[in-house]
Amino acid sequence: MLKANEYSMTGKKYLMILTGLLCLPGVASAVTMDEVMAIIKAQQAEIDALKKQLGKTEEKVEQTADAVESVAAGTEGMAKVAQWAEKTHIGGYGEIHYNDKKNGNTDQIDAHRFVLFVEHEFTDDVRFFSEVELEHSLAGEGKEGEVELEQAYIEWDYAENHSASIGQFLIPIGILNETHEPDTFYGVERNAVEKNIIPATWWEAGAMLHGQIAPGLSYNLAVHSGLETPVSGSKAFKIRDGRQKVAEAKAEEFAYTGRLKYTGIPGTEIALTYHHQEDIAQGMGMDDASADLIESHVTWQHGPFGLRALYAMWDIDGDDAEAIGRDEQEGWYVEPSYRISPRWGLFARYSEWDNNAGNSADTEVEQIDFGVNFWLVENVVLKMDWADQRNGDGDALNLGVGWSF
Amino acid sequence: MYRRLIFTCVIAVGIVLHVLSLGAWAKGEYLSQTAFLDQAFAGIQPAARVCWLNDRDKETALDIFSHRYAGLRVRYWQAKEKTAWIVDEIGKTRPITIGVVVTPERKIERVRILAFRESRGWEVRYPAFTRQFVGVSAVSPGTELDTSIDGVTGATLSVKAVKRVARFALYLHERCTSDI
């Protein structure tokens, strides 16, 4: 590229050549002085434009040099820190609720969940993921809350489109069990069916294979620790009370989970999970209480319209569970929603569940919820809803704030 | 105990078969830059151009991505007012390489995922998702897309990354082609 002074020199050369040509016989009459001056002016204008362009180019080169220098100025130690930071990611979510309870129950305000994730990539194919949760603000002897390790596993991409997770992970079941950041669902409290039947949030320790077997069709196959439900009292064989949370958990009997999930149509998820438990009481009952759980759900989102529907059913073997009507436990819900704008969304939900479905009494609980979400920003949500129960005393007006990052 | 043994054996055999049969894997690189540009320009790949970002561009990028754009310039390809852009954007933790072609009418002609590096959210690479962008424009340069894009369950962050890059490409098309 020619520099500005070189262009200037080139212009002078042209001038000299033109002057020489004018001295030649016959040329002077063909090219007038005015024409020569016009040519010179045009060349000067071109030179000026080139100078301006060169100035811009130099400015860009300076910016580039500044950027390169700022990177190069980093020390080796800083580079190592940067490399570590690039491979380690921190995230989290939380939600605080106010429950204006009816039926004579005490109103509550609760820092329900405060969760931190830490993820680290050892290589492109091997990574660590963890999730630690503080529930109900205070943990310890006699306190309301708990500190829980919900996830801590190594994930290994052992083949194209196939991975293995080894450690403590969330069971691949339901809509909320794996994805439950508050800004991703409607309602202040998580829905009662997934809470009482599945029971979300549910994690175990073991090994899991997962991946995709066709476009949009994925699978999970896991062998892991199981539940240990009480075998007597009001909580006997109640699923939610069987979560051992991998805290020195009894592993006399294992459990197995398999799921197929189809997400090949944008906005749509269809999933079917089968779970088998060798003995849901871990050998504490009078006979083996092997158990099977089938869960299926559909989620659909098209434009502003959304729909979630889920069905789950437990079938527990053994005389102990059958004697108290807990050999069958099931529930379902359907939840339409409408996004008025990117910030506002309305929902309604109808739920039914019964943890004593094996008896002849009317123990089924029905609940109707409706409410509104307001997303302050994409990952921060304010919520309000009303819950109305039949055959239960969970009527409440709920307010909540939630976030994730 | 018997069932446990069978299940464990099935998993172990599954792992071994996968490792033996599939060998090394080219992780997440679905489409080369050359192949993308060949598709975009019917096999006649124009020379690369460079669009330098001014302060306004950087502010717009910050508004779209919610983080600074890591670069002083963006390389692109242009033929007869049609442009192609290749931009990296992070989904959850790793960059997704996304290609966008914009027509002279300032509408998206195609979106392609060239490389995906995370373990979740890969569904965005399927045509069922990317074809939703065909014909989509921006309400005005740098603003939201004028058409609702349906998400993919379990791939929310990847979906958002692709939508951000689509917005950025539409903005750059407007800005950089009018500046030539």
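Thresholds, definitions, all that
- Residues numbered from 1 in each chain as written.
- Chains lettered and ligands numbered in written order.
- Predicted model: local features only at pLDDT ≥ 70, side-chain atom pairs only at ≥ 80, totals over all residues.
- Heavy atoms only, no water.
- Helix = DSSP H or I, 4+ residues; strand = E, 2+ residues; numbered from the N terminus.
- Rg over C-alpha atoms; globule rule 2.2 N^0.38 Å.
- Contact = heavy atoms within 4.5 Å.
- Areas by Shrake-Rupley, 256 points an atom, 1.4 Å probe, with all protein chains shown as cover.
- Lys, Arg positive; Asp, Glu negative; His and termini not counted.
- Charge placed at Lys NZ, Arg CZ, Asp CG, Glu CD.
- Pairing = 2+ DSSP bridges.
- Axes fitted to C-alpha atoms, helices over the stretch in contact; angles between N-to-C directions.
- Buried < 20%, exposed > 50% of the residue type's maximum accessible area, 1.4 Å probe, protein only.
- Parallel < 35°, antiparallel > 145°, perpendicular 65-115°, else oblique.
- Left-handed = near helix turned anticlockwise from the far one by under 90°.
- Nonpolar A, V, L, I, M, F, W, Y, C, P; charged D, E, K, R; others polar.
- pLDDT = per-residue confidence, 0-100.
- Salt bridge = Lys/Arg side-chain N within 4 Å of Asp/Glu carboxyl O.
- Domains from an automatic or database assignment.
- Polar contact = N/O pair within 3.5 Å; in protein donor to acceptor, adjacent residues only side chain to side chain.

Enquirer: So what's going on with the overall build of chain A? Which residues, and what values?
Expert: Tallying secondary structure elements over chain A gives six helices and 16 strands in all. The C-alpha radius of gyration of chain A comes to 34 Å, more than 25% above the 22 Å expected for a compact globule of 405 residues. With the C-alpha coordinates aligned to their principal axes, the bounding extent of chain A is approximately 125 × 45 × 45 Å. Taking the contacts inside chain A whose residues are at least 6 apart along the sequence as the reference set, 55% of them involve residues at least 24 apart. Accessible area of chain A: about 20,400 Å², with a carbon and sulfur share of 61%. Looking at charge distribution, chain A has the averaged site of its 32 positive side-chain charges lying 12 Å from that of its 69 negative ones.

Enquirer: Lay out the sheet that holds strand β1 (residues 48-52) of chain B in plain terms, naming residues and giving numbers.
Expert: Residue and element names in this part refer to chain B. Pairing is antiparallel across the open sheet formed by five strands, whose spatial order is β1-β2-β3-β4-β5. Among the strands making up the open sheet, the edge pair consists of β1 and β5 (108-115). This sheet shows a mean twist of 30° between the axes of neighbouring strands, independent of strand direction. Here six bridges tie strand β4 (residues 95-102) to β5, and the two strands are oriented antiparallel to one another. Bridge assignment links Val101 to a residue of β5, and that residue is Arg110. Contacting β1, β2 (73-79), β3 (82-90), β4 and β5, helix α5 (residues 156-178) crosses the sheet at an angle of about 140° to β3.

Enquirer: Can you explain the pairing of β4 of chain B? Please cite residues and give values.
Expert: Residue and element names in this part refer to chain B. For β4, the tally of buried residues reaches seven of eight residues, placing the bulk of the element in the interior. Pairing analysis gives eight bridges linking β3 to β4, with the strands arranged antiparallel. Note that in β4 the partner of Val87 across the bridge is Ile98. The turn linking β3 back onto β4 is made up of four residues.

Enquirer: How would you sum up the packing of helix α3 (residues 55-65) of chain B against α5 of chain B? Please name residues and give values.
Expert: All names here are of chain B. At a minimum axis separation of 9 Å, α3 and α5 run at an interaxial angle of 160°. Relative to α5, α3 is oriented roughly antiparallel. In this structure, α3 meets α5 at a crossing whose hand is right-handed. Here Arg56, Asp57, Thr60, Ala61, Asp63, Ile64 and Phe65 of α3 come into contact with α5, specifically with Arg164, Val165, Arg167, Phe168, Tyr171 and Arg175. Within the contact of α3 with α5, the residues separate by chemical class into six nonpolar, one polar and six charged.

Enquirer: Which residues make up unusual backbone geometry, and what are the values?
Expert: All names here are of chain A. In the segment running from Ile198 into Pro199, the intervening peptide bond is cis, with an omega of 5°. Summarising the element assignment, Pro199 is placed in the loop between α5 (192-196) and β6 (203-214). For the bond from Ala200 to Thr201, the omega torsion is -5°, close enough to zero to count as cis. Structurally, Thr201 is set in the loop between α5 and β6. Of note in the backbone geometry, Ser137 takes a positive phi value of approximately 70° without being a glycine. Look at Lys245: it is not a glycine, yet its phi comes out positive at around 60°. In this structure, Lys245 sits in the loop between β7 (217-224) and β8 (255-262).

Enquirer: With reference to specific residues and values, describe the confidence of the model for chain B.
Expert: Residues and elements named next belong to chain B. On average, residues of chain B score 85 in pLDDT, and 84% of them reach the 70 mark or higher. Throughout residues 20-26 the model reports pLDDT below 50, and contacts reaching past four residues in sequence, or to other chains, amount to eleven contacts. Note on the complex model: pTM 0.78, ipTM 0.72.

Enquirer: Quick rundown of the pattern of salt bridges? Include the residues and the values.
Expert: All names here are of chain A. What the rule picks out here adds up to 25 salt bridges over all chains. Between Asp100 and Lys102 there is a salt bridge, with the nearest N and O atoms lying 3.2 Å from each other. Classification of Lys102 by relative accessible area gives partly exposed; the value is 29%. As a salt-bridge pair, Arg390 and Asp362 come within 3.7 Å of each other at their nearest N and O atoms.

Enquirer: Account for the domain arrangement of chain A, naming residues and giving values.
Expert: Considered domain by domain, chain A is made up of domain 1 (4-73) and domain 2 (84-404). Its C-alpha centre places domain 1 of chain A at a distance of 73 Å from the equivalent point of domain 2 of chain A.

Enquirer: Now, about the side chain of Asp279 of chain A: what can you tell me, with residues and values included?
Expert: Residues and elements named next belong to chain A. Among the structural elements, Asp279 can be located in the loop between β9 (268-277) and β10 (291-302). Taking relative accessible area as the criterion, Asp279 reaches 1% and is therefore assigned buried. Within the structure, the side chain of Asp279 is placed 3.2 Å from the backbone nitrogen of Ala289, a separation counted as a polar contact. Once residues within four sequence positions are removed from consideration, Asp279 is found in contact with Leu227, Glu253, Asp287, Asp288, Ala289 and Ser290.

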